[in-house]
Structure formats: C-alpha cells, structure tokens
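# Architecture and fold: a report
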Amino acid sequence: MSLIRLEEIKKDYRLDGVIVPALQGINLEINQGEFFCMMGASGSGKSTLMNLISCMDRPTSGKYILEGEDVSQLDKNALAHLRNKTIGLVFQNFNLLSSATALENVELPLLYGGVPAVERVKTAKQLLEKVGLGDRLHHYPTQLSGGQQQRVAIARALVNSPKILMADEPTGNLDSQTSDDIMAMLTQLNKDGLTVILVTHEPDVARYSKRVVLMKDGKILKEEKR
Ligand SMILES: Nc1ncnc2c1ncn2[C@@H]1O[C@H](COP(=O)(O)OP(=O)(O)OP(=O)(O)O)[C@@H](O)[C@H]1O
Ligand SMILES: [Mg+2]
C-alpha cells in the first residue's frame, strides 16, 4: 500500500471571477520511506500540490488516499487533526515565533496538544539536541543563524513524531554550505525511516533525493529516478 496516492487531482483557484487551473490532473504515488523531490518553474503548481498533500487544502476534484484512507473530502477540522498526527511541515522562511525561545518554539505544538509541561520540555530538548542545538535552547530566533533557525523549525516539525516531513524550499533562504548541512540532516532523518517530501528550485538540493518529479503548468512533466 502506498503512503500517498493521488488520482487525477485537480485544483482550481478562483480569483476575481477568473478560474486559475493550478493543478490539472496529477497522478502520483509516494511510498513509506521515500525521499521525494518536486521541481519546476515558478507558478507550475508545486506549493499547491504540497498544500494538498499536507492536508492544508482540498482538491477541486480527484482522489487523495493517505495511508489507505480517502481524505479528499474531509472537512477542515478532520484535515487539521490528520495533519497534526501524520505530517510535519517546514517552510522557506522558518515560520518561528519570534517572541519564543528555541525550546518554546519546539514545545508549542505539544502545548496545543495538551501535553504536560515536564514532558513537553523533555521532548523538545531531545529534539533540539538531535538537530545539534542542545546549546541554544534559550536563544530567540533573532539570536540564531538562518541554518540554526531552520533546524529549530525541523525539530518543531518532528515533535509529534510524524510519518512524513514536508518541506517547501527549506533551503531557499540559506547559503550553500548551510543548505548542505540541512540536507544532510534531512537525509539522516530519512535513513531513520522518515518519509521526506521536498520542493526546491536548486539542482544541488534535488540531488539528495532518489526520485525527482518535474512539474510544468499544473502537470507532472517527467520523473527521474536516481
Ligand atoms: N490562492 C491563490 N489564488 C489564486 N491563484 C493562486 C493561488 N495560489 C496560487 N495560485 C496560482 O496557481 C498557480 C500555481 O501556484 P503555486 O504557488 O503552486 O506555484 P509554485 O510552483 O509553488 O511556484 P513558486 O516556485 O514560485 O513557489 C500559479 O499560477 C499561481 O498564480
Ligand atoms: Mg511555491
């Protein structure tokens, strides 16, 4: 059974009465444990597809089967619940809370989940140690480098033990050395069993992946296996 299965997925945005066909019939299967990468020109539909896969949004038509369950037409609450337990998200601009320390940022999803303080701190500390930031627990985002901020964001994405880590341009704001560090970290997490789904513009980043799909005009143009 595939972890993710998309059948004839279409997504239209409606803007000022005009329909923008952002995805035009996507068929795709992603298995547990894959390191999957999406590339393609700006506007080709990569983020739209990421939003659907990560249950942030619903398709206009088509079927999305996640772990054997048809989630295409679930309501917002059900999608949010599914996302929280299955998927960790990482973004280009890190999306950390600036008024919270590294530790507090990683704790946040657990706080929402009602986990008691002692356990929250313990889990958040462990994850920050895992991403090499055991000595930066009480730093605020502005006191951290870009790469360190992204590592905090990765630790936060892992805090609910997701099966899938999805990252849209995770190295877009980082220099090439720092990008390599982040990609090495994602590679290690993937080796440990995490399914990684990534969007990037950069061939240097895509080469970490064994399977690269190229998007064009809302469709999959081609796929490369390495
Ligand atoms: N909320 C929206 N409302 C209307 N149109 C949208 C919306 N979001 C995206 N689009 C359009 O859908 C198409 C796909 O956008 P998407 O953000 O998925 O592209 P992308 O491949 O992620 O591009 P980039 O590489 O620049 O991030 C684009 O033509 C975009 O203008
Ligand atoms: Mg995008």
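Parameters at a glance
Residues numbered from 1 in each chain as written. Chains lettered and ligands numbered in written order. Predicted model: local features only at pLDDT ≥ 70, side-chain atom pairs only at ≥ 80, totals over all residues. Near = placed C-beta within 6 Å. Helix = DSSP H or I, 4+ residues; strand = E, 2+ residues; numbered from the N terminus. Nonpolar A, V, L, I, M, F, W, Y, C, P; charged D, E, K, R; others polar. Core = buried A, V, L, I, M, F, W, Y, C linked by C-beta atoms within 7 Å. Buried ≥ 20, exposed ≤ 12 C-beta atoms within 10 Å, placed from the backbone. Contact = placed C-beta atoms within 7 Å. Pairing = 2+ DSSP bridges. Axes fitted to C-alpha atoms, helices over the stretch in contact; angles between N-to-C directions.

### Some thoughts on the site of ligand 1
Residues in contact with ligand 1, as listed here, are Y13, L15, V20, A22, G40, S42, G43, S44, G45, K46, S47 and T48. Listing elements by their share of the shell around ligand 1, those giving two or more residues are β1 (4-15), β2 (18-30) and α1 (46-53). Of the residues assigned to the shell around ligand 1, the class counts are four nonpolar, seven polar and one charged.

### So, the nonpolar core
In this structure, V106, L128, A155, L165, M166 and V196 are the most contacted members of the largest nonpolar core, which totals 58 residues. Excluding anything up to four places from it in sequence, A155 contacts V106, L127, L128, K130 and V131.

### What to know about the sheet that holds β2
Read across the sheet, four strands follow the order β2-β1-β4-β5 without closing on themselves; strand pairing throughout is antiparallel. Where the open sheet ends on each side, the last strands, each with one partner, are β2 and β5 (69-70). As judged from the two bridges shared by strand β4 (residues 61-66) and β5, these two strands associate in the antiparallel manner. When the bridges of β5 are listed, L66 appears paired with E69.

### A look at the environment of T60
Structurally, T60 is set in the loop between α1 and β4. Along the chain, T60 and L133 lie 73 residues apart, while their C-alpha atoms are 41 Å from each other.

### Quick notes on the sheet that holds strand β8 (residues 195-199)
Pairing is mixed in the open sheet, where six strands are placed in the order β6-β7-β8-β3-β9-β10. Of all the strands in the sheet, the pair left with one neighbour each is β6 (87-90) and β10 (219-225). Strand after strand, the sheet turns through a mean of 20 degrees between neighbouring axes, direction not considered. Note that strand β9 (residues 211-216) and β10 share six bridges and pair antiparallel. Bridged to V212 within β10 is E224.

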